[in-house]
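# Secondary and tertiary structure notes
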Amino acid sequence: MRVTKQSIAIIGAGSNIGSAITKHMAGSKCRLLLFDRDIGKLQSLANTITEDYDDADLITMDCAHSCSWEADIIIMAVSHNAEKEIAENIREVATQKIVISITDSVDGNLKKSKLDPQTHAAKQLRNRLPHSKIIKAFSPGFYQQVADLDGEELFISGNDKEALEKVAKLAVSAGLKPVIAG
Amino acid sequence: MFDQLYENIQQYVSLTDKDWEVLKNNIRPKRMLKRQFLLQQGDICHEIAFIEKGALYSYSIDQKGNQHVMQFGFEGWWIADLQSFLTNTPSTLNIEVLEDSELLLIDQKNQQALLQQIPEYEKYTRLLFQNAYVALQQRVENALGLTAEEKYNRLIERNPDFINRVPQHLVASYLGISPETLSRVRGQMSH
């Protein structure tokens, strides 16, 4: 098991999905770097986590670029439009990093869903971050605002096999059940 | 973000613009804060690090809990546990941030690809390894044959601002002398 602590940036941490992810990552022994444009929501989230998790290691940051620069892995829990702008902002510091894009819905058939790395949105993100390792991710628990995500499935897909394996391990450390969808 | 690396490479070889772009696209930039770990004992060193800004140091901890400083790295230097990086075995070293730093990291897979794709980068890496080996030989000779005063003098001759940036107990560990001996040596020198 890896000893050196990883740093995970969560961009859009104050959103419903972002905060669900953050709360679940709080017990994963990673250092969390949190950014959201809504400073109030961000601070409220940080306070909640600090109260609930004694050994949570997190910091709120005022800039997605700084957040991503310090990170080993970047999670984007923002809308598709916001993702475009953020990708431009962080491109130079996201090179060779895993960037996890939280997809906002899936169809019944996961293989034809927005998890498919060949969708337009996925291709757009890859064009904006051509040297990053893009992983699409979805968990029904994020949207159902399930209080306890332990054991929830996390569907992931991407073109980089090593990156998929790393994200799968990260999901396990966060108590989720990774399913590699493609 | 790549100024120091560019300058460092240009001292040894000349890369085309295209090769330079390929190199940059295979680098992971990471900013780190003082006292964070780039690598901890027991993990495999998957990346070599070039220091654009700041300072790091590598050390081991023996069974009695004593710290033994192996290497320091400042702007324009590379730092890694090469044994772990090249053999894919668990590191015996910790690499800790001494000053807030901006690093450029290259992993094993990208390093191999760059060595194959860019002959000038391969030459640069070879020259770095040559220099590193010579430096290591000198370090071993110094450790075996010099007095504490001689070790200290040689250190500050080669790295004048070392003393201003590195805590005394770490300098002592690096030189293989006690902090008390180092204080004495520095005290004698100032008189």
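From a predicted model like this one, the values you see are computed outputs, not experimental measurements.

## Notes on the overall build of chain B
Of regular secondary structure, chain B possesses nine helices and six strands. The C-alpha radius of gyration of chain B comes to 18 Å, within 12% of the 16 Å expected for a compact globule of 191 residues. Expressed along its principal axes, the backbone C-alpha trace of chain B runs to roughly 55 × 35 × 30 Å. By the burial criterion, 45% of the 191 residues in chain B qualify as buried. Pairs at least 24 residues apart make up 69% of the contacts formed inside chain B by residues separated by at least 6 positions. Summed over all atoms, the accessible surface of chain B reaches about 10100 Å², with 50% contributed by carbon and sulfur. Here chain B holds 19 positive side-chain charges and 24 negative ones, and the gap between their average locations is 3 Å.

## Quick notes on the interface of chain B and chain A
At the junction of the two partners, chain B supplies 21 residues and chain A supplies 20 residues. Three residues, N25, R28 and R31 of chain B, lead the burial of chain B against chain A; their summed loss comes to 32% of the area buried on that side. Here chain B and chain A share three salt bridges between them. Counting across the chain B and chain A interface gives eleven residue pairs in polar contact (both at pLDDT 80 or more). Listing elements by their share of the side of chain B that touches chain A, those giving two or more residues are α2 (17–25), β1 (28–32), β2 (37–39), β6 (94–107) and α4 (108–117) of chain B. Looking at the side of chain B that touches chain A element by element, the count peaks at four residues for β1 of chain B. The residue inventory of the side of chain B that touches chain A, partitioned by class, reads seven nonpolar, six polar and eight charged.

## Considerations on the pairing of strand β6 (residues 133–138) of chain A
Residue and element names in this part refer to chain A. Across the six residues that make up β6, a large majority, six, are buried. With burial as the criterion, each face of β6 is covered, one bearing K133, I135 and A137 and the other bearing I134, K136 and F138. Taken together, the four bridges between β6 and strand β7 (residues 153–158) define a ladder with antiparallel strand orientation. If you follow K136 over to β7, its bridge partner there is S157.

## Some remarks on the state of the cysteines
This structure, assessed with the given rule, holds zero disulfides over all chains. For C30 of chain A, which is in no disulfide, the shortest distance to another cysteine sulfur is to C67 of chain A and amounts to 14 Å. The class of C30 of chain A is buried, set by a relative accessible area of 6%. With no disulfide of its own, C45 of chain B lies 19 Å from the sulfur of C30 of chain A, the closest cysteine sulfur.

## Describing the packing of helix α8 (residues 168–175) of chain B against helix α9 (residues 179–190) of chain B
Residues and elements named next belong to chain B. Relative orientation of the contacting elements α8 and α9 amounts to 100 degrees, with a least axis distance of 9 Å. Looking at the two axes, α8 sits roughly perpendicular to α9. Here Q168, V171, A172 and L175 of α8 come into contact with α9, specifically with P179, L182, S183 and R186.

The rules we used
- Residues numbered from 1 in each chain as written.
- Chains lettered and ligands numbered in written order.
- Predicted model: local features only at pLDDT ≥ 70, side-chain atom pairs only at ≥ 80, totals over all residues.
- Heavy atoms only, no water.
- Helix = DSSP H or I, 4+ residues; strand = E, 2+ residues; numbered from the N terminus.
- Rg over C-alpha atoms; globule rule 2.2 N^0.38 Å.
- Buried < 20%, exposed > 50% of the residue type's maximum accessible area, 1.4 Å probe, protein only.
- Contact = heavy atoms within 4.5 Å.
- Areas by Shrake-Rupley, 256 points an atom, 1.4 Å probe, with all protein chains shown as cover.
- Lys, Arg positive; Asp, Glu negative; His and termini not counted.
- Charge placed at Lys NZ, Arg CZ, Asp CG, Glu CD.
- Buried area = accessible area lost by both parts, 1.4 Å probe.
- Salt bridge = Lys/Arg side-chain N within 4 Å of Asp/Glu carboxyl O.
- Polar contact = N/O pair within 3.5 Å; in protein donor to acceptor, adjacent residues only side chain to side chain.
- Nonpolar A, V, L, I, M, F, W, Y, C, P; charged D, E, K, R; others polar.
- Pairing = 2+ DSSP bridges.
- Disulfide = S-S within 2.5 Å.
- Axes fitted to C-alpha atoms, helices over the stretch in contact; angles between N-to-C directions.
- Parallel < 35°, antiparallel > 145°, perpendicular 65-115°, else oblique.

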